[in-house]
Amino acid sequence: MEFALSEEQKMLQDSVGRYLETACSLDVVRGVAEKSGLQADDVWSGLIDLGVPSMMVPEAYGGMAFGMLEAALVSEVMGRHVAAVPFIGACVLGPLAIARGGSDALKEAWLPKIATGAIRVGVALSEHTGAREDAGITAEGDRLSGRSLFVIDGGMADIFVVADTQGGLHLIEAGAEGVETIALTSIDRTRSLSEIRLTKVVSQPLDGGEDVLASLIDAGRVLYAADTLGAGWAMIDKAVAYAKERKQFNRVIGSFQSVKHMCAEMAAELEPCRSLIWYAAYAQDALPDDARLTAGHAKSHLSEVGRFVARTSTEVHGGMGFTDLLGLHYWFKRIGVNRQILGGPERVREELAKLQGWAA
Amino acid sequence: MDLSYGPEYEAFRAEVQKFLIDFKDQAPRGIGGTGRPAAETIHWQKLLIEHGYAARTIPKEYGGYGAEPDILKSRIISEEFTAAQMPGGIANQGVSMFVPTLLELGTEEQKQKWIRPTLNGDIVWCQGYSEPGSGSDLASLQTKGTEDGDDFLVNGQKIWTSTAKSADMMFCLVRTEPDAPKHKGISYLIFPMDTPGIEVRPLVTMTGNAEFNEVFFTDVRVPQNQIIGERGQGWFVANATLGHERGMLGDPNAAGSRLAEITQMMMEETVDGERLMDNPFLRDRLVKLQSRVLTMQYHGMRLLTARVKKESTGVAGLIVKLQGCDLNHDLAALAIDAMGEIGVLYDGSPMERSRGKWQWRYMFDLGLIIGGGTAQIQKNIISERGLDMPREPKPVKPAPADAAKSA
């Protein structure tokens, strides 16, 4: 029994984290957020050099064939640095969908290009965690029509993995006739969120149907939870550093128990979540019986703890935390969006109740 | 990550399972408990030691089983005993706190004399640490031992002394060096509870039971050689055992069993003919608590691995008492809320469920949140040792002139 990261896993996380520490500075994040809200091109190139887009691609197609635990570790450092690059859809869910459901020809066509970072995948499946307005994609023959909302990493996508209302998965090209992409503006300007409108768009099927779709939703939930873990710890570290520096009443505010206890509560809530993320991520590949349950718990629990940490850290920073000057709000907003994507905590918990036969 | 135990440990697990089947009939009905063990409990304890399921790593020469420490095997034993709903070994304060202290800091003579009868359940100990005026600031304790020939004369009062009524012996913190700084003036004394001058009064808590006692000392004569460690080292000696206590509180496996009990209860009990589980608000609370229970279970696995590898756990280890006690308390709260009016029944009332245990737990667990280092002290520890935040500055004594002004 060993509940711990391997040396290789630690090195992977360290190397991506160290890279982002310097490359994805607050100025870079701010630049993206204030300008386009799409991505930091230099950071994306650097991540390609590190092999991040190839992480989940099978070796036969030029990838590193990592598992979900590795993906979660990288997602965590993406959150820690509020990395303004596509990751969850483009580097994990997209390649996983194609690797699990694509024909040999499709894999051959797309996976090597995903691995080199030449193309990015947007992932459109939010209608299966709660369809809003009249959204829904219908498939007729090889043609797709309809709207899909809250497409993950849709902003700069070259291809889309799309779930139809029946749970079937398809692949379409962003440049195909009949595809319209509409940018949605969320509070979090570090990652893109979009809507796609399809009119009889030519598609190629991905097999595996609902099982693959379910596995993508679970994987996505673990990754958003991991992103919140990283963003949350960044907010704790910032709060502690600020409290050790800021003086009022001739003392650093970090020597007041009221402030220390706020920091202790954040750490006490968030640190055990790391164990939940590790377990849930590992379960996606190794413990099929626990995969759904733990992915849902990771998503809903990190949403709750993340909200507490985001709010408390901002309060420790006092008025400065509320300003744009400090940039703390980028983390606050990232955590806020992570909570809602792929199902907010109340809805996910209701799914978990059904899964265990506690609700009809 | 590898969550399988591997063949060596699975074989060991099979061994434990076989023992539990073979010796099922000899197990006492009640669980170990903290009072004086019954004859059948003492018999069971001896069986467990003989097979290595109690006092496992304590050397044979002192009455233990003498195995090499192996955290995974200890965990397997605990898992299998819980799964079979069989009582484990005696876990009173003598076994869990005094014996580890002696092993670390006792003389050879003390180890020979005390460990075996303590393990066997023949000698029961109680712990004299807290005082009415010294709770979180334990080192300020005032029970004093003054030299009188070869003895100390002990005067003062202890509180929160569980088992004092049935104990044979006490290990006790006493201020023997009144002029030394507060952490350096304490000695760790041991003495029989029937020494003249000791009075034990039961302390009834909010649960209605006397789970604790107050102990009063009037000129209690203790030979100076009945000391563990040196004079003035008592604080250091006691801290060796407080670590053991912090490990006992906030056990994540207990939370798992509670969650299962509540789930079953919510599936069976009804209000207005509707299962409690069909109420969406109660159900949501249950799933929320399940998140926390699983989180703490996985966290326990992570800490266990770190301990096996002898790695320091930092903030991850410091949060367990705070989070674990809080979680157990919240579980009891849900059980009560789910039952509604029936949830308030107690003390053998008609319609009472599970002999009132959820109310008892809801109250007693609040005591555990406070005891063994309050939640607020835990937060100080987490922020200071885990997050490297500064200590609260000591109050500055006003200069004489200022003192005169304010007077």
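If you're wondering where the values come from, they're calculated on a predicted model, not measured in any experiment.

## Re the overall build of chain A
Move 1: Regarding its fold elements, chain A presents twelve helices and ten strands.
Move 2: Relative to its length of 360 residues, chain A is compact, with a C-alpha radius of gyration of 20 Å against a globular reference of 21 Å.
Move 3: In terms of overall dimensions, chain A has a C-alpha envelope of 75 × 45 × 45 Å along the principal axes.
Move 4: Across the 360 residues that make up chain A, the buried fraction comes to 60%.
Move 5: For chain A, the share of sequence-separated contacts (at least 6 apart) that also reach a separation of at least 24 residues comes to 73%.
Move 6: Here chain A has roughly 13,700 Å² of accessible surface; of this, 50% comes from carbon and sulfur atoms.
Move 7: Distance between charge centres in chain A, computed from 34 positive and 47 negative side chains, equals 8 Å.

## What to know about unusual backbone geometry
Residue and element names in this part refer to chain B.
Move 1: Within the chain, Lys310 stands out as a residue other than glycine whose phi angle is a positive 55°.
Move 2: Mapped onto the fold, Lys310 is located in the loop between helix H8 (280-308) and helix H9 (314-318).
Move 3: When its relative accessible area of 78% is taken as the criterion, Lys310 is described as exposed.
Move 4: Residue Met351 is not a glycine yet carries a positive backbone phi of 70°.

## Some details on the domain arrangement of chain B
Residues and elements named next belong to chain B.
Move 1: In terms of domain boundaries, chain B breaks down into domain 1 (7-91), domain 2 (125-232) and domain 3 (249-386).
Move 2: Once you take the C-alpha centre of each, domain 2 and domain 3 turn out to be 33 Å apart.
Move 3: Three residues, Ser136, Met206 and Thr207, lead the burial of domain 2 against domain 3; their summed loss comes to 74% of the area buried on that side.
Move 4: The interface formed by domain 2 and domain 3 contains zero salt bridges.
Move 5: If you look at where domain 2 meets domain 3, you find two residue pairs in polar contact (both at pLDDT 80 or more).
Move 6: Classifying every residue of the side of domain 2 that touches domain 3 gives two nonpolar, three polar and one charged.

## Some remarks on the interface of chain A and chain B
The figure often quoted for interface size is the accessible area lost as the parts come together.
Move 1: Taken together, the 48 residues of chain A in the interface contact 46 residues of chain B.
Move 2: Between chain A and chain B, roughly 4,300 Å² of surface is buried when both sides are summed, and carbon and sulfur atoms account for 63% of that area.
Move 3: For chain A, the biggest contributors to the area lost against chain B are Met1, Phe3 and Trp358 of chain A; these three give 21% of the whole.
Move 4: Counting every contact that joins chain A to chain B gives eight salt bridges.
Move 5: When the shortest N-O distance is used, the salt bridge between Glu384 of chain B and Lys260 of chain A registers 2.5 Å.
Move 6: Those elements that provide at least two residues to the side of chain A that touches chain B are helix H7 (209-243), strand S10 (251-252), helix H8 (257-286), helix H9 (288-316) and helix H12 (345-355) of chain A.
Move 7: Broken down by class, the residue content of the side of chain A that touches chain B amounts to 25 nonpolar, eleven polar and twelve charged.

## Re the domain arrangement of chain A
All names here are of chain A.
Move 1: For chain A, the assigned domains are domain 1 (7-88), domain 2 (121-209) and domain 3 (211-355).
Move 2: If you average the C-alpha positions of domain 2 and of domain 3, the two centres end up 28 Å apart.
Move 3: Counting from both sides, the interface comprises 17 residues of domain 2 and, opposite them, 17 residues of domain 3.
Move 4: A buried area of about 1,500 Å², summed over both sides, lies between domain 2 and domain 3, and 70% of it is on carbon and sulfur atoms.
Move 5: A per-residue breakdown of the area domain 2 buries against domain 3 is headed by Thr129, Ile187 and Arg191, which together make up 38% of the total.
Move 6: At the boundary of domain 2 and domain 3, one finds one salt bridge.
Move 7: In this structure, the salt-bridge partner of Asp227 is Arg191, at a minimum N-O distance of 3.9 Å.

## A few points about the pairing of strand S3 (residues 151-159) of chain B
Residues and elements named next belong to chain B.
Move 1: When you tally the buried positions in S3, you get seven out of nine residues, the bulk of the element.
Move 2: Note: strand S2 (residues 144-148) against S3, five bridges, orientation antiparallel. Residue pairing for S3: Gly145 is matched across the bridge by Val154.
Move 3: In textbook terms, the turn of a hairpin is the stretch between consecutive antiparallel strands, and for S2 and S3 this stretch comprises two residues, one of which, Gly149, has a positive phi near 65°.
Move 4: With eight bridges joining them, S3 and strand S7 (residues 212-223) adopt antiparallel strand pairing.

## Quick look at the pattern of salt bridges
Move 1: Taken as a whole and assessed by the stated rule, the structure comprises 50 salt bridges over all chains.
Move 2: Two residues, Asp227 of chain A and Arg334 of chain A, come together in a salt bridge whose shortest N-O distance is 2.8 Å. In this pair, Asp227 of chain A is assigned in helix H7 and Arg334 of chain A in helix H11 (residues 329-340), connecting sequence segments 107 residues apart.
Move 3: The buried category is assigned to Asp227 of chain A, whose relative accessible area is 1%.
Move 4: Judged by relative accessible area, Arg334 of chain A falls into the buried class, the value being 2%.
Move 5: With its nearest N and O atoms 2.6 Å apart, the salt bridge here joins Glu350 of chain A to Arg283 of chain B. Here Arg283 of chain B lies in helix H8 and Glu350 of chain A lies in helix H12, a pairing that spans two chains.
Move 6: When its relative accessible area of 25% is taken as the criterion, Glu350 of chain A is described as partly exposed.
Move 7: Judged by relative accessible area, which is 7%, Arg283 of chain B ranks as buried.
Move 8: Overlapping salt bridges bring together Glu133, Asp134, Arg147, Glu195 and Arg197 of chain A as one network.

What counts, and where the lines are drawn
- Starting from 1, residues in each chain are numbered consecutively following that chain's sequence as written.
- Here every chain gets a letter starting at A, and every ligand a number starting at 1, in the order they are written.
- Under the rules for a predicted model, residues below a pLDDT of 70 receive no local features and side-chain atom pairs below 80 are neither given nor counted, while totals for whole chains, interfaces and linings still include all residues.
- Side-chain figures throughout are based on the complete set of non-hydrogen atoms in the structure, without hydrogens or water.
- Note on conventions: DSSP H or I runs of at least 4 residues are helices, E runs of at least 2 residues are strands, and numbering of each starts at the N terminus.
- Both definitions apply: the radius of gyration is a C-alpha atom measure, and the globule rule equals 2.2 Å times residues to the power 0.38.
- Buried means the residue's accessible area, taken with a 1.4 Å probe over protein chains only, is under 20% of the maximum for its type, while exposed means over 50%, and partly exposed covers the values in between.
- Throughout, a contact is declared for two residues whenever any of their heavy atoms are within 4.5 Å.
- Only the protein chains shown count as covering a residue, and every accessible area follows the Shrake-Rupley method with a 1.4 Å probe.
- None of His or the chain ends enter the tally, which takes Lys and Arg as positive and Asp and Glu as negative.
- Note on charges: their place is set at NZ of Lys, CZ of Arg, CG of Asp or CD of Glu.
- The source of the domain bounds is an automatic or database domain assignment.
- By convention, the term buried area covers the 1.4 Å-probe accessible surface removed from two parts as they join, with the contributions of both added.
- Think of a salt bridge as a Lys or Arg side-chain nitrogen and an Asp or Glu carboxyl oxygen that are within 4 Å of each other.
- Two N or O atoms count as a polar contact when they lie within 3.5 Å, although within protein this holds only if one can serve as hydrogen donor and the other as acceptor, and sequence-adjacent residues are included solely when both atoms are side-chain atoms.
- Residues were grouped as follows: Ala, Val, Leu, Ile, Met, Phe, Trp, Tyr, Cys and Pro as nonpolar; Asp, Glu, Lys and Arg as charged; and all remaining residues, including Gly, as polar.
- Pairing between two strands is assigned when DSSP locates at least 2 bridges connecting them.

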